[in-house]
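What follows is the residue order along each chain.
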Amino acid sequence: MSDSHSDGGDCAEHRTAVTEAEVEALVRGICFKTGPPRTVGVEVEWLVHELRRPQLPVTPERLEAAYAALRTVPLRSPLTTEPGGQLELSSPPAASLMECVGIVSADLDTVRTVLAGHGLELSGVGHDPWRAPRRFLREPRYDAMEACLDRTGTAGRHMMCASASVQVCLDAGHEEPGPLGYERRWWLAHHLGAVLVAAFANSPLVNGRPSGWKSARQLMWTRIGAGRAGAPPPGGEPRAAWARHVLEAPVMCVRADGGPWHVPEGLTFRDWIRSRTPRPPTREDLGYHLTTLFPPVRPRGHLELRMIDAQPGEDGWIVPLAVTAALFDDPEAAESAHRAVKPLAERALKLPAPHNPLWIDAARRGLADPELRDAAVACFAAALEALPRLGATRAVLDAVAEYADRHVVRGRCPADDLLDRVDGTRAPAHARKDFPT
């Protein structure tokens, strides 16, 4: 749900109508800015629960009071509120992995202290285990989003109001080919992404019961639809593929200065340009349209990897950040990751992520899938070798090694730990009505 308060960024420079050719040129120029990988960032989303009895609902009034207090404390990372009341910290671009970890860790300490004073805590899980989706923010954007996503069922409300993630942000890469070239990184993100889904799956429970999926959060994304939450078809040149995807993606809403926003049905951005109805789209509308697309890898000048569930523990988010940064930004580790995930590509059947068998198996089974487990073991080993070269501290290395020993080599993920604490570790038939396997 990143960019929930965006005004369109670089695309919102002019209010003149755009043509299809201009859209393609703008998207190509804005979304893949190449150069040596130098910066790293992370966006950490959290559910907010009662400190002592997390199963109890938190009233909107208590959330509002706590969030008003948070707005008075200094933070280096922008803090935003998601539609269901989740909190998100978005780090500034950092010059190193450890700089990123340091900034976000300090900000999280501050946030936790403020919330504890209000009897609340941050909860690291990919989908709320106990509560049904409930919207906290009442704004035209979310009214329109809810109306749009409700057309495909309830998954949109779960995504908006009950999910949380760790989103890793990395530079797009070199223009030239090679392990750090942007085309290789784009390919790697869409195949390694399935391994990251499986290794860090942490959302098996919905409404207090096992859903039958290790990452119910990822299941929700697949149900929203390929146009809204899918990647472009694989195999094409990334810039061209993404520009075509943006033009063919459905328009979520047409904003209005007063009154409710128009929520068209079946209108692509290309259709909007050609029909000029209800008004011609502008560069600002293009910028906004980009923020309503939620693929597992979103190009925003950098690459935003969106597939990782929120992680348990105060520092659990550091492990996927460190592993992902190592596998993309260290050339040797990038080559190792490429070799490890290449055999998995056949299982994708040349279908876009996450709507292909590889990603669906990752969300359903986690590392109980033997091929995904083998790839994860190889990738974690490569990351552990690379992290010292990226300046990782002993504490980060130990955290990654401990995670590998506890989960990866055993074919487990945090979802298995949650299931172990629930009576009956596999979903009974009655618990699977809304989450068919």
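Structure first, text after, so check above.
Note that soluble globular proteins tend to have their nonpolar side chains buried in a common cluster. If you look at the biggest cluster of nonpolar residues, it comprises 125 residues, and the most contacted ones within it are Trp317 and Phe380. Apart from the residues within four sequence positions on either side, Phe380 is in contact with Ala199, Phe200, Val319, Val323, Val400, Tyr403, Ala404 and Val408. The next biggest cluster of nonpolar side chains, apart from the first, holds five residues, and it includes Leu47, Val125, Ala164 and Leu418.

It is worth spelling out the pattern of salt bridges at this point. Scanning the model with the defined rule gives 35 salt bridges in all. Linking Glu43 and Arg300 is a salt bridge whose minimum nitrogen-to-oxygen distance equals 4.0 Å. In this pair, Glu43 sits in strand E1 (residues 40-50) while Arg300 sits in the loop between strand E8 (297-299) and strand E9 (302-309), placing the two residues 257 residues apart along the sequence. The exposure class assigned to Arg300 is partly exposed, which follows from its relative accessible area of 32%. Each of the salt bridges in this network shares a partner with another, and the network as a whole consists of Arg347, Asp361, Arg364, Arg365, Asp369 and Glu371.

What describes two packed helices is the angle between their axes and the distance between those same axes. For the pair helix H4 (residues 140-149) and helix H5 (residues 155-162), interaxial distance at closest approach is 8 Å and the crossing angle is 145°. Considering only the axes of H4 and H5, their crossing is right-handed. The residues of H5 that touch H4, namely those facing Tyr142, Met145, Glu146 and Leu149, are Gly156, Arg157, Met159 and Met160. A breakdown of the residues in the contact of H4 with H5 according to their chemical character gives five nonpolar, one polar and two charged.

Glancing now at the packing of aromatic side chains. Enumeration according to the criterion identifies nine aromatic pairs in this entry. Between Phe200 and Phe380 the ring centres are 6.0 Å apart and the planes differ by 40°, which places this aromatic pair in the tilted class. Pair noted here: Phe200 is in the loop between helix H6 (182-199) and strand E6 (205-206) and Phe380 is in helix H15 (residues 370-386), with a separation of 180 residues, a long-range link. Assigned by exposure class, Phe200 and Phe380 land together as buried. Taken together, the ring pairs connect Phe32, Tyr182 and Trp186 into an aromatic cluster.

Analysis parameters
Residues numbered from 1 in each chain as written. Predicted model: local features only at pLDDT ≥ 70, side-chain atom pairs only at ≥ 80, totals over all residues. Heavy atoms only, no water. Core = buried A, V, L, I, M, F, W, Y, C linked by side-chain atoms within 4.5 Å. Buried < 20%, exposed > 50% of the residue type's maximum accessible area, 1.4 Å probe, protein only. Contact = heavy atoms within 4.5 Å. Salt bridge = Lys/Arg side-chain N within 4 Å of Asp/Glu carboxyl O. Helix = DSSP H or I, 4+ residues; strand = E, 2+ residues; numbered from the N terminus. Axes fitted to C-alpha atoms, helices over the stretch in contact; angles between N-to-C directions. Left-handed = near helix turned anticlockwise from the far one by under 90°. Nonpolar A, V, L, I, M, F, W, Y, C, P; charged D, E, K, R; others polar. Phe/Tyr/Trp six-rings, centres within 6.5 Å; stacked < 30°, edge-to-face > 60°.

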